[in-house]
Number of protein chains: 2
Amino acid sequence: MKRFTGAAVLMAVMMMVAVPAMAEQKKVRWKLAMTWGSTLTPLSDSGPILAKMVSDMTGGNFEIRAEGAEKHKAALGILDMVKGGQYEMGHTASYYWKGKDVTTTFFTTAPFDMTAPEQFGWYYHGGGLELMQQVYGKFDALSFPGGNTGVQMGGWFRKEITSLDDLKGLKMRIPGLAGEVFAKLGVNVTNIAPGELYTSLDRGTIDALEWVGPGMDIKMGFYKIAPYYYAGWHEPASELQFLVNKKAFEELPPEYQAILVTAMEAVRGRQVAANFDANAKAWQQMKAEYPDIKVMKFPEPVLQAMKKATDEVLEGYAAENAEFKEVYESRKAYFKVARPWTKISEQNYLSTSDAVIE
Amino acid sequence: MKRFTGAAVLMAVMMMVAVPAMAEQKKVRWKLAMTWGSTLTPLSDSGPILAKMVSDMTGGNFEIRAEGAEKHKAALGILDMVKGGQYEMGHTASYYWKGKDVTTTFFTTAPFDMTAPEQFGWYYHGGGLELMQQVYGKFDALSFPGGNTGVQMGGWFRKEITSLDDLKGLKMRIPGLAGEVFAKLGVNVTNIAPGELYTSLDRGTIDALEWVGPGMDIKMGFYKIAPYYYAGWHEPASELQFLVNKKAFEELPPEYQAILVTAMEAVRGRQVAANFDANAKAWQQMKAEYPDIKVMKFPEPVLQAMKKATDEVLEGYAAENAEFKEVYESRKAYFKVARPWTKISEQNYLSTSDAVIE
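In this report, we go over the structure that sits alongside the text. (Residues numbered from 1 in each chain as written. Chains lettered and ligands numbered in written order. Predicted model: local features only at pLDDT ≥ 70, side-chain atom pairs only at ≥ 80, totals over all residues. Heavy atoms only, no water.)

### Let's talk about the relation of the copies chain B and chain A
Note that the two copies of the chain are related through a rotation about an axis and a translation along the same axis. To be explicit about the condition: Least-squares fitting of one copy onto the other uses the C-alpha atoms of those residues that reach a pLDDT of at least 70 in both copies. Contact between two residues is taken to exist if any of their heavy atoms lie within 4.5 Å; hydrogens are not considered.
Screw-axis analysis of chain B against chain A gives a translation of 0.0 Å along the axis, an RMSD of 0.0 Å, and a rotation angle of 180°. Taken together, the rotation and translation describe the operation of a two-fold axis. Minimal C-alpha distance to the rotation axis in chain B is attained by B:Ala266, lying at 2.2 Å. When the interface residues of chain B are mapped onto chain A, 100% of them again lie at the interface, so the same face is used by both copies.

Right under this line is the structure:
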């Protein structure tokens, strides 16, 4: 029997055990950039929760450092930073890239469109996930669902909206597609930095503004100066987004890829629950402090004009952008299947319980 | 320099690399028992999806074999088999253990109780997860959310229910808490094996039955013989359940524990989307085949009697079972915070869109 030196055996053993072990033992250090500041809960919880899950699943071998906007100073530069590789990933919202590619807005939400359960069905069973990767392919990025705010409220108004005339000349902060829709109806749509919103509303520089929902709105104090809180129409299911640099992802061992993707799916659910809870508790607190907050619905003629303007805005983009049209058609097709079920299930149950629960 | 034999070096190297690698390299083989048969999609998809996720994340080192009811022949014996260790885990629904411990029903759903988003908020932010572990502790098991069917329909009726009198003497298959409630209202509640339900309904042996929702109902064909499809009241958010043998879980390396828990969270979301999609598509198909299906709501006096009977049933259990009371109070407290938000967000949005979307 031939004898080996220790060094030769060491080499042989290292090779034997290194092959299966390597993939899982590889040390990986990533950075994740968040659109939100580190203290803007619950949105800012997702990055750190993801990091902890991934670390726990890899015994600390795959570490992700989540950095808030106060650190990278580029809240709306996440896509560029992930594309460029300064950050391997981000936690943000797809519609912030409307200026680069208007089709990205659909992966957040659209006016008068699907609710969160409907849209989640579209992502997994209506082709949504595939279309999202197609759109983000041109940014060398992968995109994943990253939570959902639920229905966003229509905003805080100092005066009641009783007719279309009340919208004409109204000064309102409302960005994105909803801003385009309101502009068509004669609203004077303005953009104001978040830090100046309260003062602008208080002094009448603006008459109304749209923010998010009770969980985020309560920190801004708008309910103290604008008592009309309108029901949502423009962001019925704002999905958050994990962005991942494609090359960085492809360089991960397959186990780490699976770990990252599974963790993002799990975090998505947590973020949905966290947003629901934050909104519910903040709404209870606001109502207790200011019982005179009036929850309003826009009158039907106003809603119909808003819907018509929404269709015009979306058809306009679709006419000049084939990929926008493709995603738009996909969403409309799924909506037609999804909404009738929502109506006979969730909506009927809620009205059924209205009859018996005070 | 001292020379080692090959065997000694081998030992030394194995020990060196074995310590960090062991946790992740450990071979684990588990079995998962499903309450459902292997082809009862989408419920039966969750076990195999979980198994694939866990395998992918561990490079095939942690393998789970999902077995359907046709194999283990104990659809309603999952808790016993997980407790006894014949299966390390199961995919099932908590309310099947009502006979062993009535408090387990709350981790599925309860009549006139929370919707799926509300209940998910309760699990993560209202103490639900902790209460669930407390209740399952006595079965040496851990329990995790495992998907949600959404609102279940109130069932198929051959005749319209116009008053409380129509319930008296009605022969109906409806199990669980809802069966107790209907029994109080004079319904002749019966239990019939699934395979005999269609014939029983067709021949008038029963007048009505409750099953699940369109996705499952369509396979049973009830819509062909009972045209009244009542809105749900009794299972507004039936959560599915992963059960895990506590000792088996504790013996897993910490990385595998984290991998399993994260995968269950991810699968939960997938199952929600899959149920939504299956219901929506089946409802579209049923309506196309049988346009005369009548979606009904119970009249208000009937609903009020059902709610009163529900309260009596639940208060009855609470009076004699302190842990039941504890979970019941916890759910009622969260409901009070959650529902006002659901009403001004999801419910208002749905009625808002009703005004403008055909």
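### A word on the sheet that holds strand S11 (residues 294-296) of chain B
Residue and element names in this part refer to chain B. As a reminder of what qualifies: In this analysis, strands are considered paired if DSSP registers two or more bridges between them. Here a helix means four or more residues in a row that DSSP labels H or I, a strand means two or more in a row labelled E, and each is numbered from the N terminus.
The six strands are arranged S7-S6-S8-S5-S9-S11 in an open sheet whose pairing can be described as mixed. Strand pairing shows two members of the sheet lacking a second neighbour, strand S7 (188-190) and S11, which therefore form its edges. Looking at chain direction, strand S5 (residues 155-157) and strand S9 (residues 228-230) are connected through three bridges and run antiparallel. By the bridge assignment for S9, Gly 155 is matched with Tyr 230.

### Thoughts on helix H6 (residues 128-137) of chain B
Residues and elements named next belong to chain B. We apply this condition: Think of it in three bands: residues with accessible area under 20% of the maximum for their type are buried, residues over 50% are exposed, and the middle band is partly exposed, with areas taken using a 1.4 Å probe on protein chains only. What the arc describes is the spread of directions from the helix axis to the C-beta atoms.
Within the span of H6, buried status applies to Gly 128, Leu 131, Met 132, Val 135 and Tyr 136. Taken around the axis of H6, the buried residues stretch over an arc of 130°, which confines them to a single face. Buried-residue contacts for H6 involve helix H4 (78-84), helix H5 (116-125), strand S4 (141-148), strand S10 (239-245) and helix H13 (322-354).

### Structural notes on the packing of aromatic side chains
Basically, it comes down to this: Classification of ring pairs rests on two measures: the distance between centres of Phe, Tyr or Trp rings, Trp counted by its six-membered ring, which must be within 6.5 Å, and the angle between planes, read as stacked under 30 degrees, edge-to-face over 60 and tilted in between. Only lysine NZ and arginine CZ atoms are considered, and such an atom sits over a ring when it is within 6 Å of the ring centre and within 35 degrees of the ring normal.
All told, the structure shown has 48 aromatic pairs over all chains when counted by the stated rule. With centroids separated by 5.1 Å and ring planes inclined at 75°, the aromatic side chains of A:Phe120 and A:Tyr124 adopt a geometry described as edge-to-face. Here the residue A:Phe120 and the residue A:Tyr124 both occupy positions in helix H5 (residues 116-125), the gap between them amounting to four residues, near one helical turn. Looking at A:Phe120, the relative accessible area reads 9%, which means it is buried. Summarising the aromatic geometry, the rings of A:Phe324 and A:Tyr328 are spaced 6.2 Å apart at their centres and angled 45° between planes, so their arrangement reads as tilted. Pair noted here: A:Phe324 and A:Tyr328 are both in helix H13 (residues 322-354), with a separation of four residues, about one helical turn. Taken together, A:Phe112, A:Phe157, A:Phe182, A:Tyr230, A:Trp233 and A:Phe298 form an aromatic cluster joined through their ring pairs. We note B:Lys294 situated over the ring of B:Tyr228; from NZ or CZ to the ring centre the distance is 5.9 Å.

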